[in-house]
Amino acid sequence: MNYYQMYYFDENEIEKAVNNINMINNKIKQIEDKIHGIEELKNDENFNNPNEDECNKDMIKFKSIIERLNMSKNCIKYYYNIV
């Protein structure tokens, strides 16, 4: 812990913040895997998808979720001064 962290937070709070960052990173990884799976299906010539618009909406939704998760992660890092 650096001086800023020691002054404003106890070790439990910092540990919880780091755990939250790790959970966010895991969730981002899960969503990126879903995006990768959708992209593979879209690129498969044998896959006939009648709902391509639905896939595109899902991709946009997943990317938006990732952006929000990254913003949350960055806020936690900034607030707790975690590098």
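Residues numbered from 1 in each chain as written. Predicted model: local features only at pLDDT ≥ 70, side-chain atom pairs only at ≥ 80, totals over all residues. Heavy atoms only, no water.

## Quick notes on helix H3 (residues 52–80)
Then, in step 1: Taking 1.5 Å as the rise per residue, H3 with 29 residues should run 42 Å; its terminal C-alpha atoms sit 42 Å apart, in good agreement.
Then, in step 2: Looking at the buried side of H3, the elements it contacts are helix H1 (3–8) and helix H2 (11–43).
Then, in step 3: A positive phi of about 55° marks asparagine 81, the residue just after H3. (Helix = DSSP H or I, 4+ residues; strand = E, 2+ residues; numbered from the N terminus. Expected span 1.5 Å × (residues − 1). Contact = heavy atoms within 4.5 Å.)

## Examining a nonpolar patch on the surface
Then, in step 1: A contiguous nonpolar surface patch, about 750 Å² in accessible area, is contributed by Met1, Tyr3, Tyr4, Met6, Tyr7 and Tyr8.
Then, in step 2: With respect to the helices and strands, tyrosine 8 occurs in helix H1. (Patch = residues over 30% accessible without salt bridge, like charges linked within 9 Å, V, L, I, M, F, W, Y side chains within 5 Å. Areas by Shrake-Rupley, 256 points an atom, 1.4 Å probe, with all protein chains shown as cover. Salt bridge = Lys/Arg side-chain N within 4 Å of Asp/Glu carboxyl O.)

## Description of the packing of H2 against H3
Then, in step 1: Taken N-terminus to C-terminus, the directions of H2 and H3 make an angle of 160°; their axes are 10 Å apart at the nearest point. One way to sum up the angle between H2 and H3 is to call them roughly antiparallel. In this structure, H2 meets H3 at a crossing whose hand is left-handed.
Then, in step 2: Per-class residue counts for the contact of H2 with H3 are 16 nonpolar, 5 polar and 11 charged. (Axes fitted to C-alpha atoms, helices over the stretch in contact; angles between N-to-C directions. Parallel < 35°, antiparallel > 145°, perpendicular 65-115°, else oblique. Left-handed = near helix turned anticlockwise from the far one by under 90°. Nonpolar A, V, L, I, M, F, W, Y, C, P; charged D, E, K, R; others polar.)

## Some remarks on the nonpolar core
Then, in step 1: In terms of nonpolar packing, the biggest core is built from 17 residues, with Ile31, Ile35, Ile76 and Tyr80 touching the most fellow members.
Then, in step 2: Of all the elements in the fold, those that place two or more residues in this core are H2 and H3.
Then, in step 3: Considering every element that reaches this core, the biggest residue donor is H2, with 8 residues.
Then, in step 4: Discounting residues that sit within four places of it in the chain, isoleucine 76 has contacts with Ala17, Asn20, Ile21 and Ile24. (Core = buried A, V, L, I, M, F, W, Y, C linked by side-chain atoms within 4.5 Å. Buried < 20%, exposed > 50% of the residue type's maximum accessible area, 1.4 Å probe, protein only.)

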